[in-house]
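Single-letter residue listing:
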Amino acid sequence: MNAHAVPVEKYHGTGNDFLVVDADNANVGDRGAFARTHCDRETGVDRADFDAGSAGDARRGADGVLFLSIEERFAPTRVVMTLVQPDGSTATMCGNGARVVARWAHDRTGDREFMIDTQAGTRRATVNADASEATIEMGEPTFGPTRVPVAREGAAAGEPLVDERVEGLRVTAVNTGVPHAVAFVDGGRDDADGIDAVDLDAVDLDAVAPPVRHADVFPEGANVNLAAVVDDGSGEGPAVLDQRTFERGVEGETRSCGTGAVAVVAVARRLGLIEGESAVSRPPGGELSITVPDEGHATLTGPVAHEFSGTLPFDPR
Ligand SMILES: N[C@H](CCC[C@H](N)C(=O)O)C(=O)O
């Protein structure tokens, strides 16, 4: 067996970066071990290993490995997507990952429209004319406690968790393909208890997010988002929100999170903090455009880019 048997492509969407493996072309036995090894930010995959001369800004490691299987006999072309995270777990959905999948499939086929099979459902995706941006349909955000899931006893059982205190943050729980907890640091409202009216960039996310991520009220855990309303959308143009996300499975902050961006906008709408169904979210890694209509599926649009190609060991151990 060739020790370097797995061809990989590295892509990112607004700084949320992924290794892509064609699952039909490379049979990675232990996907969790493969992801744990190559996603590591200190010792994982590095562009310089393949292309020492290039001065690209691709970061070492990745936020996950996308194992993809493309089925061109369908119209539009279908891609089955499985995201294995840096801790070896599998995420049911990933918004930026799905946007990367659309770009990867476009780079292979030249098509612009795809159906992406995720564990959260089948989602339609498109890429724009120069393939610099991809849009993914994101399903309908749901606040239902059994769907998030949220686990509570007594009077609160069966009620959605909306703007309530969990481990020091005022959070709202929503599922946008995966569970999210969203807290607005500026509140847009009177919040004597919370971390109110603070600079989002100054919050120590790695300190405040883990207790919420692991709170008993989230039996499957949750991704934790802090957000601030920059423009409530009552004037011209869509609402603008700043966003930072601590991700389950990465167990740290990512530069961008697509399901998180949809979650932030869905919660902002539910709390009445913004007007209109369209919004721009500004995570550290770039800008995402989101729509969350009153009914029907949300959409997520933003830039996608190829970083490099290489070949990695089949069995990293
Ligand atoms: N970064 C992804 C979300 C991954 C979700 C995953 N971290 C989990 O729920 O375990 C996104 O763009 O939507």
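Since we're looking at a predicted model, the values are computed, not measured.

Points about the site of the ligand
Logical step 1: Neighbouring the ligand are 14 residues; Gly 95, Asn 223, Arg 248, Gly 258 and Thr 259 lie closest to it.
Logical step 2: Between the ligand and Gly 95 there is a distance of 2.7 Å, counted from an oxygen atom to a backbone nitrogen or oxygen.
Logical step 3: Within the contact set of the ligand, a nitrogen atom lies 2.9 Å away from a side-chain nitrogen or oxygen of Glu 247.
Logical step 4: Protein coverage of the free-state accessible area of the ligand, which is 370 Å², stands at 99%.
Logical step 5: When residues of the shell around the ligand are traced back to their parent elements, those giving at least two are helix 2 (95-109) and helix 4 (258-270).
Logical step 6: Residues of the shell around the ligand, tallied by class, amount to five nonpolar, seven polar and two charged.

Notes on the UniProt feature "active site" (unreviewed entry) in the protein chain
Logical step 1: In this numbering, the UniProt entry assigns the feature "active site" (unreviewed entry) to Cys 94 and Cys 257. What stands out for the annotated residues spanning 164 residues is how close their C-alpha atoms remain, the widest pair being 7.8 Å apart.
Logical step 2: Residue position: Cys 94 is located in the loop between strand 5 (90-91) and helix 2.
Logical step 3: Given the relative accessible area of 7%, Cys 94 is considered buried.
Logical step 4: Apart from the residues lying within four places of it in its own chain, the contact partners of Cys 94 are Asn 16, Phe 18, Met 81, Leu 83 and Thr 259.

Some thoughts on the nonpolar core
Logical step 1: Formed by 51 residues in total, the largest nonpolar core has its most connected members in Leu 66 and Phe 184.
Logical step 2: In terms of residues, this core owes the most to one element, helix 4, which gives eight residues.
Logical step 3: Non-local contacts of Leu 66, meaning those with residues more than four positions away in its chain, are made with Phe 18, Leu 19, Val 20, Val 21, Met 81, Thr 82, Leu 83, Gly 97, Val 100 and Val 101.
Logical step 4: Judged by nonpolar contacts, the second largest core, of 23 residues, contains Val 166, Ala 215, Ala 222 and Phe 246.

What to know about the pattern of salt bridges
Logical step 1: One pass over the full model with this rule turns up 18 salt bridges.
Logical step 2: Where Asp 22 meets Arg 108, a salt bridge forms, and the shortest distance between an N and an O atom there is 2.8 Å. Here Arg 108 lies in helix 2 and Asp 22 lies in strand 2 (residues 16-22), a separation of 86 residues in the sequence.
Logical step 3: We note a salt bridge from Asp 242 to Arg 282, for which the minimum N-O separation is 2.8 Å. Linking Asp 242 in strand 13 (residues 239-247) with Arg 282 in strand 15 (residues 278-282), this pair joins segments that are 40 residues apart in sequence.
Logical step 4: Judged by relative accessible area, Arg 282 falls into the partly exposed class, the value being 32%.
Logical step 5: It is possible to trace a salt-bridge network through shared partners that takes in Lys 10, Asp 17, Arg 41, Arg 59, Asp 63 and Glu 307.

Describing the packing of aromatic side chains
Logical step 1: For the structure on display, the rule yields two aromatic pairs.
Logical step 2: Geometrically, the ring pair formed by Phe 34 and Phe 67 is tilted, given 6.2 Å between the ring centres and 55° between the ring planes. Here Phe 67 lies in strand 3 (residues 65-71) and Phe 34 lies in helix 1 (residues 31-39), a separation of 33 residues in the sequence.
Logical step 3: When the ring of Phe 50 is compared with that of Phe 308, the centres are 5.8 Å apart and the planes differ by 35°; the resulting orientation is tilted. Note that Phe 50 is positioned in the loop between helix 1 and strand 3 and Phe 308 in strand 18 (residues 305-312), a separation of 258 residues in sequence.
Logical step 4: Judged by its relative accessible area of 29%, Phe 50 is partly exposed.
Logical step 5: One Lys or Arg, Arg 78, reaches over the ring of Phe 74 and ends 5.4 Å from the middle of that ring.

Notes on the environment of Ala 131
Logical step 1: Relative to the helices and strands, Ala 131 resides in the loop between strand 7 (121-127) and strand 8 (133-137).
Logical step 2: Excluding its chain neighbours within four sequence positions, the residues that come into contact with Ala 131 are Arg 103, His 106, Arg 112 and Val 304.

Observations regarding unusual backbone geometry
Logical step 1: In the segment running from Ala 75 into Pro 76, the intervening peptide bond is cis, with an omega of -5°.
Logical step 2: Among the secondary structure elements, Pro 76 is positioned in the loop between strand 3 and strand 4 (77-84).
Logical step 3: The amide bond that connects Val 148 to the next residue, Pro 149, takes the cis arrangement and shows omega of -10°.
Logical step 4: By the secondary structure assignment, Pro 149 is in the loop between strand 8 and strand 9 (164-166).
Logical step 5: In this structure, Thr 14 is a non-glycine residue whose phi angle is positive, near 45°.

Thoughts on the state of the cysteines
Logical step 1: This structure, assessed with the given rule, holds zero disulfides.
Logical step 2: Here Cys 39 is not disulfide-linked; the sulfur of Cys 94 is the nearest cysteine sulfur, at 12 Å.
Logical step 3: For Cys 39, a relative accessible area of 3% puts it in the buried group.
Logical step 4: The thiol sulfur of Cys 257 is not disulfide-bonded, and the nearest other cysteine sulfur, from Cys 94, lies at 6.6 Å.
Logical step 5: When its relative accessible area of 4% is taken as the criterion, Cys 257 is described as buried.

Parameters and conventions
- Residues numbered from 1 in each chain as written.
- Predicted model: local features only at pLDDT ≥ 70, side-chain atom pairs only at ≥ 80, totals over all residues.
- Heavy atoms only, no water.
- Near = heavy atom within 4 Å.
- Polar contact = N/O pair within 3.5 Å; in protein donor to acceptor, adjacent residues only side chain to side chain.
- Areas by Shrake-Rupley, 256 points an atom, 1.4 Å probe, with all protein chains shown as cover.
- Helix = DSSP H or I, 4+ residues; strand = E, 2+ residues; numbered from the N terminus.
- Nonpolar A, V, L, I, M, F, W, Y, C, P; charged D, E, K, R; others polar.
- UniProt positions renumbered as here; feature names shortened; annotations may be inferred.
- Buried < 20%, exposed > 50% of the residue type's maximum accessible area, 1.4 Å probe, protein only.
- Contact = heavy atoms within 4.5 Å.
- Core = buried A, V, L, I, M, F, W, Y, C linked by side-chain atoms within 4.5 Å.
- Salt bridge = Lys/Arg side-chain N within 4 Å of Asp/Glu carboxyl O.
- Phe/Tyr/Trp six-rings, centres within 6.5 Å; stacked < 30°, edge-to-face > 60°.
- Lys NZ or Arg CZ within 6 Å of the ring centre and 35° of its normal.
- Disulfide = S-S within 2.5 Å.

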